[in-house]
Every structure is written in C-alpha cells, then in structure tokens.
2 protein chains.
Amino acid sequence: MDEIARRAGVSKTTVYRALSGQGRIGEDTRRRVLDIAEEAGYRPNRLARGLRRSRTGLIGVVVPGIEGQFYARVLEGIEKALQDVDHRVLLTVSRGEQEYELVESLLDMQVDGLIVASESDSPDFYERLLRRRVPIVFIDREVPGLHADLVATDHFAGGVLLAEHLRDKGYRKPAFLSVTDRPRPIGSIEDRWCGFRSVFRNACLLHHPFMGSVKRLLREGGDAAPAETFSELCLLALRGALEPLATFPYDCVFAQYDHFALAMIHLLQAHGIRVPQDVGVVGFDDHDFTEYTEPPLTTIRQPLREIGLQAAQRLLRRLEEPDLPAAALRLPPRLVARRSSDPLAAMEQP
Amino acid sequence: MDEIARRAGVSKTTVYRALSGQGRIGEDTRRRVLDIAEEAGYRPNRLARGLRRSRTGLIGVVVPGIEGQFYARVLEGIEKALQDVDHRVLLTVSRGEQEYELVESLLDMQVDGLIVASESDSPDFYERLLRRRVPIVFIDREVPGLHADLVATDHFAGGVLLAEHLRDKGYRKPAFLSVTDRPRPIGSIEDRWCGFRSVFRNACLLHHPFMGSVKRLLREGGDAAPAETFSELCLLALRGALEPLATFPYDCVFAQYDHFALAMIHLLQAHGIRVPQDVGVVGFDDHDFTEYTEPPLTTIRQPLREIGLQAAQRLLRRLEEPDLPAAALRLPPRLVARRSSDPLAAMEQP
DNA sequence: CGGTCTTGCGTAACCGATTCCGCGACCCAC
DNA sequence: GTGGGTCGCGGAATCGGTTACGCAAGACCG
C-alpha cells in the first residue's frame, strides 16, 4: 500500500480511500490510484485488516468427523452460505479429546463466530464456550438446558414419521435400536425416541453402548485396517451385542443410523429371518446407495445442506445483532419409503 | 500483552521472551510473567503473529465438493495431519466458476500453502497458480505437463487390478465406461484406461459426456430436488445415454464410479440381463454400503485418508524447503472383490 | 467581506506480536 | 584494572491496513 502511495504521489490514507470507496476523495485522484493499484496487482492483506478492524471474515467450524456423509453435507451448506458473503471457513475436526483446546485455537485466530457440532457431553465444555461470549450456533446436537442458537433436524418429527409409516404397514411390535456409547442417549436420539413412542406406546428401547467400540476401532484403523469399513464395523458391533438372534421378539426395528439398519438386516437375514416380511427395518439419514441395497432401505432424509445454510445465516445475522435472543430452528425431515418396511411390495416382487 | 507487561512491571519484550521461551531471561522474571499471563487468561493473537512473521499456520484447501465421500475423506486426512502440527485448514469449495478468485481470497488471508483438487482444465488457471510461487500440492487430479507436487491414487494400478480380476473370473469382452463431461478424459480416468488396456487389449471405450448433466442437476437441486439423490441422477443420466440395451455386446463393464456401476447394474437387471452371470460390473471408490447392494459391488478402494495425510505432509515439508523438487506420489489402491464380478459365487448363492 | 461549510488530502496513532539494537551490570581473565 | 564477554532487560521499529484528527483551499451565505 505504501508502494502504491509512493507511485501515485499521495499518502497511504488517500490510497485507502480510493480502494475502499470510503471517505472524500477527488475523482481523478481516485481513478489514478485505482489504475496504479490494478497495475501493481495489489491485493489487501486480510490479516492486517482483521487485526485493525477485529472482524476477520473467518468462521470457525467444529465437527466430529466428515467421513460420514452427514457432516460433510452440512459443511457444504455452511461453506456455500459463507462463500456467498465472502467469508471463509476455518475447519477443525474434533477427535474425541481436547475439544475445547480446538475452540481456543480458533479463537486465537480471531474468528468472528463459531459453528459447533460437538459430541461432547461435558457441560463444562459448553459453559466455557458460552462464557467466551463469541457468537455461536450449534448444529444437530441439542444440549439440554443450554441457552444458545441451534439448527437441527426435527428429530421428533422423524420419529413420528417412521412410526406412523411402520404402523400403516401393519407392524405392531416395534423396537428402537439406540446405539450410543453414552450413559444416556444424546438429545437427537432422545427426540426420535419420544416421537416414536408418541405413536407406538409399546415401543421397546434396545440400548447398547457399542457405538463406542465402533468409533474406537475406526480411529485405530483408518485406511490401514484390514478390509474393515465403517459398515463392517457396525455389523461386528451389532453381532456382538444381539447374538443369539434365534428368537427376535419384535416385528420391526428402527435403527438410528442407516449403517446399523443395514447391519441389522444382514444379521436378521443370516438367521433366516426375512426382511421385510418377518421383520421390517428402517434407518435414519438416507445415505447414498440405500436405494440399491437388498432390500432397499426405508429411511429418513435430513435436510443436511439446509441445516448448514441456516446455521451460517443465523450466525451472520447474530454478528450484526449480537443481542438477538437465542433460538432453536428445527427443520422438517422427509420419509423415504422403500421395500425394507413394505411386506406387501415384497410379496409381489420376489 | 501490554497489560501483562504492566502488571508484571516489565517491558513487552520481556513478556514475549517469557511466553515464547526465546531469548535470554531471568528464571524468576520468567516464572512471574508466566504466572500473571496464566491468571489473566492471556492468549496470543494469531493474526498479529502472522502479520509480523508472515507465517500464519493456515493452509488453504480447495476441493470441488465434499458431498461425495471422496473429498470428505481426503479432507479428513489433511485436517488430521495439520492439526497434529498446530496448523489450521481454511476450506473452500469450488463450484465450477471463478476458481482462481477463490485461490486469491485464500492468498489474501496469507495462507502458508495450498492443497488443491481442482476440476478445472483451463491451463491458465494452473499457470497463474504456479506463477504465484506459493507452496502448493495437488491431489487426485494430475494436470499433464504441470511441474508440481501431486499426491494421488495409482489409477493405472487400479485399472490393472480390475482388469486382471475380471480376466481371472472368466470375462473376455470388457467395456470401459467413462462418464466425464470433458472433451477428453481427465488424467486419472485416462490412467485407469491405460492400466485396464494393458491387460485387456480389446477393451472398448464407452465415452459419454453425461457427468455434466448430473452435476448441473445436482447444483440446481440440492436438498430441494424432488426425491433425487446423486445415485438417482446417475441412473437417469445412464439410462438416457445407453438405452436401448437389448443387445449389450460386452460381458463386463468397468464403470468409473460406484454410483455409475450401481446405476449400470440396475439398468442391466431391468433388461433381464443378470449380473454377474451375464455381465460383470465393477466400480471404483468403495463407497459405504457397496457391500450391501445386490449384488455386492466389486470395486477399488482408494487410500483416501492417506492421500490427505501425505499431501499435508508434503506441503509442510515444502514449507521448510521451498526448493524441494516437485514430485508425484502415487499410492497403491486395493481390490475389493465382491459378487458383482463373480459368476461362480453367484451360481452357488441364488 | 468576514464567517462558515465543504472538499481533498496528509499526519500520526493504532491493532498486537515480533525483532533488531543496544545498554548497564556483572563476571572473568590477563 | 581494563578489555572482552555474558546476562537480563528495555526502546523502538515493524508487519499492512484502518481511522481519528486536522489543515489549507475554495465555495457559499448573509
């Protein structure tokens, strides 16, 4: 900038005025400076600007992992919304430990705000976060008793949708397969459970903490693991928890993730139990390829990209008006009905 | 920092010496300053540091999209490797247009280096990029004639693996289904084709530009699209290009992405052609759930996370030694053999 | 024609960490 | 005892935009 100023024979301030379009400046001076800047290939240093203005245009994003399609899609939405207003995403993937340290490192970089999808359930984490008074929007996971912005799927509605669907298809003895490794289900699963139960009063909760082992194996394994994908790991975990299956006492299962739903189907079929004729199975997420599985999987499609978009927009809004009251935005999910829960269709099509 | 200095009754320089551990400083002064800083909850401003040092610890990443699992996994690897050395990922998703503008915006933020997976095939883009003399590592896509670091799967080897596999399974009339929307296949697909042909001299290249329409639909659609997933779009595109199929003159097909492989299977089956008995189908990528499809899909697993890790490490190394000669790192893929290319196994298991 | 306002521009401080230079005190050795 | 070296520390410049303040010249008004 000094360079430009010298070449144009004016002061740095004047250069700034020309570049920013702010302040009073003579038309011919402005044009001359602009020409010289253009020719010199001048580009403003965003660090310096951020330092002075204490607005960087950086948004910190914390997600638990982007290998599954879930957060990847949300992230895509976030990035899109931010790119449209010339903001950038500073991405961190929290891998279990030291989540708060990650957040600190983002704040050190002077991010304007945070979008957080945390798997942490330490209240301490959230309290420290909010004490920082940084504009922040949570996604997906609702933290009970936390007064903060949230954008998520309406999981309750999802539970209702699936329950009604299963009921309409004639199922009567539903099981709700919760797979968390927490002492107590996380908010979203809890919501699904409530929605599910509001339709099926007799729903039974199968609660096994095997998600933990999957995640551990996943962390240790990665690409290097001998032939083990996430799907295979889910299968392994399920088998360990549910065997023997000879007497499966339910006629339908709501697995919380498509991965587990497919593992469940596999397991049932291996025991000669037909899906969907004997037992219907539904999942949640609508991953790629669930329409190509055998049988194709009934599931819930979450408005993932939309969650990202809304979260970003909410955050941007909060940057303008810091005193906006906190709000929770619950986006409606959609039922994707396929054969895994349709005994009639399965009869026709062998 | 001034604050700390005042409280400790020393100069800012001394505070810096205590905090950074550099320079000469008395043991007791050091301890005192550290205590005060701790108590005040002092955290260094990374912007200011970056401004002064012209090293920010930021790495710019440009990917064409993270909704598919491909770049998401690579990204996860990148983030992991960088997090380990306290660097951060500045993420941008290029959506067709103005890729170079995105890169410029990253440079404005003073990133230390770039990791780029570009879909662009304008040589101009790459030239401008290299003229900037920023440390840069390309991933996945090889740009012919470009002298720069590259980390990618060994696509040639992948082509060989699949060809040998198909040959061993008894197939003799192979088709190579290229789906690009380019006038000429991109480097990676080209490599696979060469590898494939080095085994199957009589392989036939089916080249249709329908990937373009899929991407366009995808961009327009997003979550909002009426019931259309990426998979469904692929199916649509394929159908348009290959119908009528009554006389499919090949006995096996190498589709370039799992999505298209499954769409192909669907299409074949809809015409009464059995997979794998009449026609074998193999894909590339090993997405989640390809083991649950009917039939389970034979495919190639790319070392995605490893690509990310290696790319990040390569970049970090180049930051230390800017004059390192450019190199291409090709990571070996792995064959995942399943039923979609195994007529014998299919005989046994109806 | 004096006073007030507007225009166009420059000076200097500032954001917060880093770094160059150098000074006084002290130690050691020749 | 004096020259050379080390130790512990401070002053001030610097990175590159941004902003508060002010000044001189001309416009405009009564």
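Structure shown above.
So, how was this worked out
- Residues numbered from 1 in each chain as written.
- Chains lettered and ligands numbered in written order.
- Predicted model: local features only at pLDDT ≥ 70, side-chain atom pairs only at ≥ 80, totals over all residues.
- Heavy atoms only, no water.
- Contact = heavy atoms within 4.5 Å.
- Buried area = accessible area lost by both parts, 1.4 Å probe.
- Salt bridge = Lys/Arg side-chain N within 4 Å of Asp/Glu carboxyl O.
- Polar contact = N/O pair within 3.5 Å; in protein donor to acceptor, adjacent residues only side chain to side chain.
- Helix = DSSP H or I, 4+ residues; strand = E, 2+ residues; numbered from the N terminus.
- Nonpolar A, V, L, I, M, F, W, Y, C, P; charged D, E, K, R; others polar.
- Pairing = 2+ DSSP bridges.
- Buried < 20%, exposed > 50% of the residue type's maximum accessible area, 1.4 Å probe, protein only.
- Lys, Arg positive; Asp, Glu negative; His and termini not counted.
- Near = heavy atom within 4 Å.

(A) Molecular detail of the interface of chain A and chain B. Between chain A and chain B, the contact holds 69 residues from the first and 69 residues from the second. Here chain A packs against chain B, burying approximately 6300 Å² in sum over the two surfaces, 53% of which is carbon and sulfur. The interface formed by chain A and chain B holds 12 salt bridges in total. One salt bridge connects glutamate 79 of chain B with arginine 95 of chain A, and the closest N-O pair in it is separated by 2.9 Å. For the pair chain A and chain B, the interface holds 26 residue pairs in polar contact (both at pLDDT 80 or more). Counting only elements with at least two residues in the side of chain A that touches chain B, the list comes to helix H4 (46-53), helix H5 (69-84), strand E2 (88-93), helix H6 (99-108), helix H11 (230-242), helix H12 (258-270) and helix H13 (304-320) of chain A. Among the elements that line the side of chain A that touches chain B, the one with the most residues is H5 of chain A, at eight residues. Partitioned by chemical class, the residues of the side of chain A that touches chain B number 25 nonpolar, 19 polar and 25 charged. Both E2 of chain A and strand E2 (residues 88-93) of chain B contribute to a ladder of three bridges, which runs antiparallel. Note on E2 of chain B: the bridge partner recorded for leucine 91 of chain A is valine 89 of chain B.

(B) Structural detail: the side chain of aspartate 258 of chain A. Along the chain, aspartate 258 of chain A falls in helix H12. Buried and unpaired, aspartate 258 of chain A has arginine 338 of chain A as its nearest opposite-charge partner, separated by 6.5 Å. At 2.8 Å, the side chain of aspartate 258 of chain A forms a polar contact with the side chain of threonine 299 of chain A. Beyond its immediate stretch of four places on either side in the chain, aspartate 258 of chain A contacts Gly283, Phe284, Asp285, Asp286, His287, Thr290, Leu297 and Thr299 of chain A together with Phe289 of chain B.

(C) Up close: the protein's contact with DNA strand D. Near DNA strand D lie 24 residues; those nearest to it are Tyr16, Arg49 and Arg52 of chain A together with Thr14 and Thr29 of chain B. In DNA strand D, atoms within 4 Å of the protein come from the sugar-phosphate backbone in 50% of cases. At 3.1 Å from a base nitrogen of DNA strand D is found a side-chain nitrogen or oxygen belonging to lysine 12 of chain A. Ranked by residues supplied to the surface near DNA strand D, first place goes to H4 of chain A with four residues. Split into classes, the residues belonging to the surface near DNA strand D amount to eight nonpolar, eight polar and eight charged.

(D) Highlighting the protein's contact with DNA strand C. Neighbouring DNA strand C are 25 residues; Thr14, Arg24 and Thr29 of chain A together with Arg49 and Arg52 of chain B lie closest to it. Backbone atoms, meaning sugar and phosphate, form 51% of the atoms of DNA strand C found within 4 Å of the protein. Here a base oxygen of DNA strand C and a side-chain polar atom of arginine 24 of chain A are 3.0 Å apart. Between DNA strand C and arginine 52 of chain A, the relevant distance is 2.9 Å, taken from a base oxygen to a side-chain nitrogen or oxygen of the residue. Elements with a minimum of two residues in the surface near DNA strand C: helix H2 (12-20) and H4 of chain A together with helix H2 (12-20) and helix H4 (46-53) of chain B. Of all the elements, H4 of chain B adds the most residues to the surface near DNA strand C, at five residues. Partitioning the surface near DNA strand C into residue classes produces nine nonpolar, eight polar and eight charged.

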